[in-house]
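# A closer look at the structure
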Amino acid sequence: MEIVYDLLVVTHLLGMAGIISGVVARAITTAGPAGAITLYSAGAQVITGLALVGIASAGLVAADVNNTKVAVKLGIAVLVLVLAHVLWRRPQSSGKGLFATLAGLTVANVVIAVFW
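Everything numeric here is computed off the predicted structure, so don't read it as measured data.

### Observations regarding the UniProt feature "transmembrane region" (unreviewed entry) in the protein chain
In the numbering adopted here, UniProt assigns the feature "transmembrane region" (unreviewed entry) to residues 7–28, 40–63, 70–88 and 94–115. Taken as a whole, residues 40–63 contains 75% helix and 0% strand, while its terminal C-alpha atoms sit 27 Å from one another. Within residues 70–88, the helical portion is 100% and the strand portion 0%, while the C-alpha atoms at the span's ends are 26 Å from each other.

Here it is, written out as structure tokens:
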């Protein structure tokens, strides 16, 4: 089960990288698949995060679960997913503030994961 857990961690980190790359791609040009990249990456973050917490909570790996930290991170991840969905559905009406918010919330989630 450790291998599955480690693969989920890698996928979770790739999701975070996908969100940031989607934001950077959209900042460079308004055309292209930046909205889809961000949306799918945010979805991957939420799904793999839930799977990681489920495996750790079940005691299948040697990882402690801090439920308060998980709740905060899940709230931020769902907010990022909703904003990514708005970006995907309405790419022309989305301002620069949306991208800065997406990037900021993603970085905040990483900071919470590392330092909490």
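### A look at the nonpolar core
Grouped together as the largest cluster of nonpolar side chains are 14 residues, with contacts concentrated most on Val80 and Leu102. Of all the elements in the fold, those that place two or more residues in this core are helix H1 (2–28), helix H2 (34–57), helix H3 (67–89) and helix H4 (96–115). Filtering out sequence-adjacent residues up to four positions away, Leu102 remains in contact with Val23, Thr38, Val80, Leu83, Ala84 and Leu87. Core analysis: the next-biggest nonpolar cluster, separate from the first, contains six residues, Tyr5, Leu8, Ala56 and Val61 among them.

### Some details on H2
The terminal C-alpha atoms of H2 lie 34 Å apart, and with 24 residues this matches the ideal 34 Å at 1.5 Å per residue to within 8%. One or two positions beyond H2, positive phi appears at Gly59, with a value near 80°.

### Let's talk about H4
Between the first and last C-alpha of H4 there are 28 Å, a value that for 20 residues agrees with the 28 Å anticipated at 1.5 Å per step. Inspection of H4 places Leu98, Phe99, Leu102, Leu105, Thr106, Asn109 and Ile112 among the buried residues, and these make up the whole buried set. When H4 is viewed along its axis, its buried side chains cluster within an angular range of 160° and face the same direction. Projecting away from the buried face of H4 at angles above 90 degrees are the exposed residues Lys96, Ala100, Val114 and Phe115. In this structure, the buried side of H4 is in contact with H1, H2 and H3.

### Digging into the packing of H1 against H4
Axis separation between H1 and H4 bottoms out at 10 Å; the angle between their running directions is 160°. The angle between the axes of H1 and H4 places the two elements in the roughly antiparallel class. Considering the relative orientation of H1 and H4, their crossing is left-handed. Contacts between H1 and H4 pair Met16, Ile19, Ile20, Val23, Arg26 and Ala27 from the former with Lys96, Phe99, Leu102, Ala103, Thr106, Val107 and Val110 from the latter.

### Describing the environment of Thr68
As for its placement among the helices and strands, Thr68 is situated in helix H3. On the accessibility criterion, Thr68 (48% relative accessible area) is partly exposed.

### Re the environment of Lys69
Mapping Lys69 onto the fold places it in helix H3. For Lys69, a relative accessible area of 18% translates into the label buried. For the pair Lys69 and Ala108, spaced 39 residues apart in sequence, the C-alpha separation works out to 12 Å. Those residues in contact with Lys69 that sit more than four places away from it in its chain are Ile112, Ala113 and Trp116. At a separation of 3.2 Å, a polar atom in the side chain of Lys69 contacts the main-chain carbonyl oxygen of Ala113.

Basis of the calculations
Residues numbered from 1 in each chain as written. Predicted model: local features only at pLDDT ≥ 70, side-chain atom pairs only at ≥ 80, totals over all residues. Heavy atoms only, no water. UniProt positions renumbered as here; feature names shortened; annotations may be inferred. Helix = DSSP H or I, 4+ residues; strand = E, 2+ residues; numbered from the N terminus. Core = buried A, V, L, I, M, F, W, Y, C linked by side-chain atoms within 4.5 Å. Buried < 20%, exposed > 50% of the residue type's maximum accessible area, 1.4 Å probe, protein only. Contact = heavy atoms within 4.5 Å. Expected span 1.5 Å × (residues − 1). Arc of directions from axis to C-beta. Axes fitted to C-alpha atoms, helices over the stretch in contact; angles between N-to-C directions. Parallel < 35°, antiparallel > 145°, perpendicular 65-115°, else oblique. Left-handed = near helix turned anticlockwise from the far one by under 90°. Polar contact = N/O pair within 3.5 Å; in protein donor to acceptor, adjacent residues only side chain to side chain.

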